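Fold and contact review
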Amino acid sequence: MSTRPQFVPTIALSLVFLGSAAPLAAQVAPVPAPPAPAGPVVILADRALDGRGNVVRALRIGVANGRITSLAAPLKGVRVIDLRGSTVMPGFIDTHVHLDSHWDRTGRIATEKEPPMEAATGIALAGWETLMGGFTTVQTVGDPTEKPLRDAIRDHGFPGPRVLTSLAWVEGDSTSSDDSLRAMVRARKAQGADLIKIFASTSQRVGAKPTVSQAQLAVMCGEAKALGMRSMVHAYRSQVSAAALAGCNQVEHATYASKEDIETAVRAGTFLSPQVGLVVQNYIANKARYIGVGNYTDEGMATMDRDLPLDFSVCRMMVATPGAKVVFSTDATAGAHGRNAEEFIGRVDHCGQTPMAALTSAQSLAAQALGMGDQIGTLASGYAGDIIALDGDPLTDITAVRRVVFVMRGGVVYKWAGAKGGR
Ligand SMILES: [Zn+2]
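Computed from a predicted structure; not experimentally measured.

Conventions used here
- Residues numbered from 1 in each chain as written.
- Predicted model: local features only at pLDDT ≥ 70, side-chain atom pairs only at ≥ 80, totals over all residues.
- Core = buried A, V, L, I, M, F, W, Y, C linked by C-beta atoms within 7 Å.
- Buried ≥ 20, exposed ≤ 12 C-beta atoms within 10 Å, placed from the backbone.
- Domains from an automatic or database assignment.
- Contact = placed C-beta atoms within 7 Å.
- Pairing = 2+ DSSP bridges.
- Helix = DSSP H or I, 4+ residues; strand = E, 2+ residues; numbered from the N terminus.
- Axes fitted to C-alpha atoms, helices over the stretch in contact; angles between N-to-C directions.

Ranked by size, the top nonpolar core spans 106 residues in total, and within it L217, M220, A243 and V251 carry the most contacts. Built from parts of two domains, this core gets at least three residues from each of domain 1 (41–90 + 378–416) and domain 2 (92–369). Look past the residues within four positions of V251 in its chain and what remains in contact with it is V233, A235, V240, A243, A244, A265, T270, L272 and S273.

Next up, the structure:
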């Protein structure tokens, strides 16, 4: 009898614990994403670009629940955003950035030795600067640290552009077996990557040499496709045509490529991504902040500077090739975030592209490259409420892309500086 007072409560406690464990676990599921503003709001625009190469006038763009509902919305009983006097268009899309690349507190390129809290803030800041520069969607291709930012923006309303990421890139060499290459691609998918980024050449700073064969590229890009993912390949010289023939979706840089390499890629329907307006110029302007880390050497920087005119001529070759899909891709690293639009100016000044073609390369064409051609990059009913406005007319003065006065993403207004304001 003396054990009873102890025994009974023990049983009772166990039952309480077992009975409540499952409901408690269910209560701590991930917090749902905040809904987009219900609206409706109506944006008044007297001059707009539709993202597909057309100038459109006198629009009343209705936005509700994060989407464009109409280009001739009724004005009665709605909140009005008056952007008349500016040039209104779909938010820009940059298919190649490196949000993880940022300055540390000393002003130098951050390394893995940076305290994690400072790294996280630096990466988030890169996203914010990019959004303020008018880029409502970016594809960031190279580091696992970009995933938490993507998820915070997508799932928790954290301010920033819509982010797609490859996580760490996939890099093999001539000795890599097909199975090991496929395993690397599958691992990225399992880790949550949106696309696969593949290195087919070493950095331009260390010789731009091929690292894998066309057959190996076919294995990697084929595996990505089988998993329902896109592939993007960092390639120079004849690796450009190799990646195109291997069925990869997008080829970056293409420095030192021949006319035949470009024509091969165009015939294959590969998206091509030259850089002429920002990345190299930014490296040179900030050389002292980069030198001494990784492959950032004086010699490597000198090679990029020397060969920049070759990038211009490759870009000119691309835009002169009928049917080429020359998509917007800055390769922005530390110092370049928020200035992505400089690439438009480079396209016009150094590549011979028209302002309209340069702009659409970051709108409907970039959306296609991301496999999101029916969701973003176009000003039309049913598309995302990703809308920006520039002070000035970029068709007559491309430097207007530096003067982003309004940014809405998914129906949320992040910037509204007034038509005469600067950035
Ligand atoms: Zn890159």
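There is more to say after this.
For sheets, the rule is that strands pair by backbone hydrogen bonds, running either parallel or antiparallel. Taken together, 5 strands build an open sheet; the order of strands is β9-β10-β11-β12-β13 and the sheet is parallel. Of all the strands in the sheet, the pair left with one neighbour each is β9 (195–199) and β13 (325–326). Two elements, β9 and strand β10 (residues 230–235), share 5 bridges in a ladder whose sense is parallel. In the sheet register, L195 faces β10, and the bridge partner there is R230. Strands β9 and β10 of the sheet are contacted by helix α5 (residues 214–226), whose axis makes an angle of about 150 degrees with β10.

A few words on the environment of N65. Along the polypeptide, N65 turns up in the loop between β2 (55–64) and β3 (67–70). Owing to 14 C-beta atoms within 10 Å, N65 belongs among the partly exposed residues under this scheme. The spatial distance from the C-alpha of N65 to the C-alpha of I109 is 39 Å, given a sequence separation of 44 residues. If near-sequence neighbours (up to four positions away) are discounted, N65 is found in contact with A36, A38, G39 and G411.

With respect to the secondary-structure elements, A362 resides in the loop between α12 (355–360) and α13 (364–369). Placed 36 residues apart in sequence, A362 and V326 show a C-alpha to C-alpha distance of 9.6 Å. Excluding residues that lie within four positions of it along the chain, A362 makes contacts with F92, I93, D94 and F328.

Attention now goes to the pairing of strand β1 (residues 41–49). Strand direction decides the pairing type here: β1 and strand β4 (residues 79–82), joined by 4 bridges, are parallel. Opposite V41, over in β4, you have R79 as the bridge partner. Alignment of β1 against β2, held across 8 bridges, turns out to be antiparallel. Paired with L44 across the strands is R60, a residue of β2. The hairpin turn running from β1 into β2, its antiparallel successor, is 5 residues long, and G51 in that turn takes a positive phi close to 90 degrees.

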